[in-house]
Structure formats: C-alpha cells, structure tokens
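# Chain and residue survey
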Amino acid sequence: MNENSLTLIVDDEPDIRELLELTLGRMNVETKAVANISDAKALLKDYSFHMCLTDMKLPDGNGIELVEHMQQQYPDVPVAVITAHGNMELAIKALKAGAFDFVSKPVDLQVLRNLVSTALKFSQTFPGMDRRSRDVLLGESAAMKKTRATIAKVARSQAPVYISGESGSGKELVARLIHAKGPRANDPFVPVNCGAIPSELMESEFFGHKKGSFTGATADKEGLFQAANGGTLFFDEVADLPLHMQVKLLRAIQEKAIRPVGAPKEIPIDVRILSATHKDLELLVEEGKFRQDLFYRINVIEVTVPPLRERAEDIEQLTEQILTRLMSDTDSARPTITTEALQALKQYAFPGNVRELENILERALALCENDIIKTEDLRLPREKRVEVVMETSIAVGDGVSLEARLGNIEREAIMQALEQTNHNKTAAAKLLGMSFRALRYRLKKLGMD
C-alpha cells in the first residue's frame, strides 16, 4: 500500500475512530479523524485526501450530505459510508448519491480492508485512466453518447449496476467496459449466464462446496464468487434465477460474505456485482417472480442500452467495423457495401439488434460476388405485419355503432402489434406504419395506456 495515502475518517464515536485509525495504520495508510461534517470540510480544504470514510449519523448532519458535498467539490476522492447493521435502505441511498461503497456495523475488518484497498487503487489510478469508450462501444448517436457518459460515471463507484436492454444490444459489452474503466480493471471479470446453470447445481456453482458435502463432491470446489474475488461478477439474464437462489444472492450481496456448501461458516468476499436481463424485471417483481428486495439491491444504478432501431445513424459505422473485423483473419480484400444495401439496413427494425447485424453481414460476405455487398445479399427477413381479420358481414340494428366497431378493430390491431414486439411501443408503431406519437395518442384514446 502506498505510504503517502491519506484517508479522512468522520465519526463521532471515539472507539470507532480509533478502530478505523488502527486498522488503516496497519495497512500503512495515514489518517486524519474528526467527529463532524464541519471539521471534515475544514480538513478537506487543507489536505489532499485519497479517500474518506464517514459514519451515516453525525452531530451536524448525515453522511449523505458529506457524500454530496464531496461529489461536487472533490469528485475524484472516493467516499465510503458506515451504516448501521441491516440498514440497507440508507446504504442504497448513499450509493445513489455517489458513495463509492459502504460497510456495515459492527465493522468486519477484512471487509473494511478490502474496501480501503479498492478505494485507494481507484484514487491512485483513476485520474490517469483512459475513460473513453467510443472506440469499443461504437456510435455517435445521442443515445450512445449518453450511454458512454453513464458508463464513465458508474465506473467510479462500487455500487451494483443493472444493465437493461433487448437481446443482442450489447449488455455484456457494457458490463465489461464498466469493469475495464474502474479500479478493478486488472482483476477478474467473471460472466455467468443465470439461465444456463441447472437449478440444483446453482448453489455449488455460485458459492463453491467442501469435499464430502454431497454425493459426488470428491474435492473442494471454488465457486464463481471466489473466482471473481477482487474483481467483477456479471450476472447475465438475472431474471432466470429461481427464487431460492435469489434469497441466497441477496444475502451474499448484503453481507459481502458467502458460505460454500458444507462449510461451517461464511467467508468474506470482495466483488462488484453487475447484472443484466432483456426481461422486464419490474413486471416480474409485480408478478411475484422476482424478489423486490433483490431488485432494489441490484438496481442501485441502471444503465439502459438502446436498441439498434433507435440509433439508425450508427448503423453505417457499425457495419464498417463489423466487416473489417470479419475480414481481419483472411487475406481477401474487404468487400464494399452499396448505398442501397446500407439504406436497407438503416430501414430495417433489427429485432435482434447488433448481434443480428453481425449475423446478416457474415451471411452477406459469403453470398456476395465481386467483393460488393448488394441489398439481395443481405437476405433481410420480411418484417412481420399486423393482420386483422375483419368481419365480412355486419349485423344492422344490433345497437353497436360504426365508431365502436372501428375502435374494436383498431384495439385488436394494436394488441397484436404489441404482442409481436414484446410490448415495445416503438417497434409496435413501426409495424403499424405510424409514428410513436400517433400510437401513444391512440393508446390514450382507446384507454389502453
């Protein structure tokens, strides 16, 4: 540990201040300790700190106020908050305000040491780190610029991040960038597809097991949490976790500790949690299929990856990059793509997003002639169209007005479009041949919003 590291400790309990100073002193970290926010602000003006540890309840305010002050005045100094045991609501509030991380009372010294090591690594490397991601996450659309800016911001924190987006939109790429731009960049990034692990094996896969803990456990096995220790654990398709594993995952995240199957006690772990799914987690919470407490715990910060159809202006740049990459392992010249073919790509809805674009271009490379990709080489699938079967005969005098009949037909068409697009209103509007604003108006008019 760098002996020049200087940490500000803010806590009104002398015993806690002494414990923190002793623990950090053994890590060769210098400290300055105060009992309130006013004294902390005065020291911040006089010294250059590398991190701050603050209690949540202070005589002249609370830790969140100090977090917000430092976010504005000293944004490169990571702030960790100390919370009362079990008060996750305040911890999450602090993380949303910009806190780097949290530690609960009674303070587990190993958890504290892990936190301090990561925070100091952050403060020593982050100012000089290249935070740009435009060369990896391509696109100059407003949506992609916003996504890249969010990635640069969340990389500063250790707060759990929930990455939402459709299948094929690049959620794992976003997760890898968050890891690569943060203080854990040199430590493991471990992705796990929650839908690919059999339910009965999940606990052993996640937490590991001890030899003899069950039939077939012939040796100790390290779980995914241990494999990612010090780094980042990425739960892809987290919505596929069965409820019994959701409970165990929630505890592991909150306690920063896991118990391998067959082990007598929990062991501390130091990982950052990122998660993603293409499903609507809020809807699953409402339906009782996903725990609300786990949802709030993993969704401290949300990063939304925009679908490709909402950033058509990026398709040309993506196409060039994908073609260059696909041809990089061959000696052949890279084919060119005609203006008409490029325009066809820009007009296509891409239900499979960037992954589908890659598949389309890979197929086009195999089909094209004379190193020129034409529209027919793309073999774009015909988009599904909404077909509404209208009654051929209308009974007169049944008391149903023409306006009501037309309203029912319109409602049926909209329902079909929403079902075909998994209730994505932008895609549904495209299927119906209308603007998003027009669809929104009709939904409100028909009482479907």
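Every value quoted in this text rests on a predicted model; they were computed, and no experiment measured them. (Residues numbered from 1 in each chain as written. Predicted model: local features only at pLDDT ≥ 70, side-chain atom pairs only at ≥ 80, totals over all residues. Heavy atoms only, no water.)

## Focus on the packing of helix α3 (residues 63–73) against helix α4 (residues 88–97)
Relative orientation of the contacting elements α3 and α4 amounts to 10°, with a least axis distance of 9 Å. Classed by the angle they form, the pair α3 and α4 counts as roughly parallel. Residue-level contacts link Ile64, Val67, Glu68 and Gln71 of α3 to Leu90, Lys93, Ala94 and Ala97 of α4. In terms of residue class, the contact of α3 with α4 is made up of 5 nonpolar, 1 polar and 2 charged. (Axes fitted to C-alpha atoms, helices over the stretch in contact; angles between N-to-C directions. Helix = DSSP H or I, 4+ residues; strand = E, 2+ residues; numbered from the N terminus. Parallel < 35°, antiparallel > 145°, perpendicular 65-115°, else oblique. Contact = heavy atoms within 4.5 Å. Nonpolar A, V, L, I, M, F, W, Y, C, P; charged D, E, K, R; others polar.)

## Examining empty space enclosed by the protein
Going through the model one piece at a time under the given rule, you end up with 2 cavities of 30 Å³ or more. Asp101, Arg184, Lys256, Val271 and Arg272 are, among the 21 residues lining the largest cavity, the residues nearest its centre. Those elements giving two or more residues to the lining of the largest cavity turn out to be β7 (101–104), α5 (109–125), α10 (243–255) and β13 (272–277). Ranked by residues supplied to the lining of the largest cavity, first place goes to α5 with 4 residues. The residue makeup of the lining of the largest cavity, split by class, is 12 nonpolar, 3 polar and 6 charged. If you add up the space inside the second largest cavity, you get close to 40 Å³. Counted by class, the lining of the second largest cavity contains 3 nonpolar, 4 polar and 2 charged residues. (1 Å grid on protein atoms, 1.4 Å probe; cavity = no way out; pocket = protein on both sides within 12 Å on 5 of 7 lines; lining within 4 Å. Points joined across faces, edges and corners; volume = space filled by probe spheres on them.)

## Things to note about the pairing of strand β2 (residues 30–34)
In the sheet, strand β1 (residues 6–10) pairs with β2 via 5 bridges, with the strands oriented parallel. The residue of β2 that forms the bridge with Ile9 is Ala33. Each parallel crossover has a hand, and for β1 linked through helix α1 (residues 14–26) to β2 it is right-handed. (Pairing = 2+ DSSP bridges. Right-handed = clockwise from strand over helix to strand, strands pointing away.)

## Some thoughts on α1
Helix length check: α1, at 13 residues, gives a terminal C-alpha distance of 18 Å against a target of 18 Å (1.5 Å per residue), a fit within 8%. Listed as buried for α1 are Ile16, Arg17, Leu20, Thr23 and Leu24. In a view along the axis of α1, the buried residues occupy a sector of 135°, so they form one face of it. In α1, the exposed positions angled more than 90 degrees off the buried face are occupied by Pro14, Asp15 and Arg26. A positive backbone phi angle near 60° is found at Asn28, which sits one or two residues after α1. (Expected span 1.5 Å × (residues − 1). Buried < 20%, exposed > 50% of the residue type's maximum accessible area, 1.4 Å probe, protein only. Arc of directions from axis to C-beta.)

## Side note on the environment of Arg379
The topology assignment puts Arg379 in the loop between α16 (375–378) and α17 (402–420). Sequence separation between Arg379 and Ile360 is 19 residues, and the spatial gap between their C-alpha atoms is 7.5 Å. Excluding residues within four positions of it along the chain, Arg379 makes contact with Arg363 and Leu367.

## What about the layout of surface pockets?
Of the voids in this model, the largest pocket is the one considered here, and its volume is about 1,200 Å³. What lines the largest pocket is a set of 37 residues, among which Glu166, Arg309, Thr421, Asn422 and Asn424 lie closest to the centre. With 4 residues, the single largest contributor to the lining of the largest pocket is helix α11 (residues 281–286). Residues belonging to the lining of the largest pocket are distributed by class as follows: 14 nonpolar, 12 polar and 11 charged. By volume, the second largest pocket is sized at about 410 Å³. Put simply, the parts of the chain that give the lining of the second largest pocket at least two residues each are α7 (171–180), α13 (315–327) and α15 (353–367).

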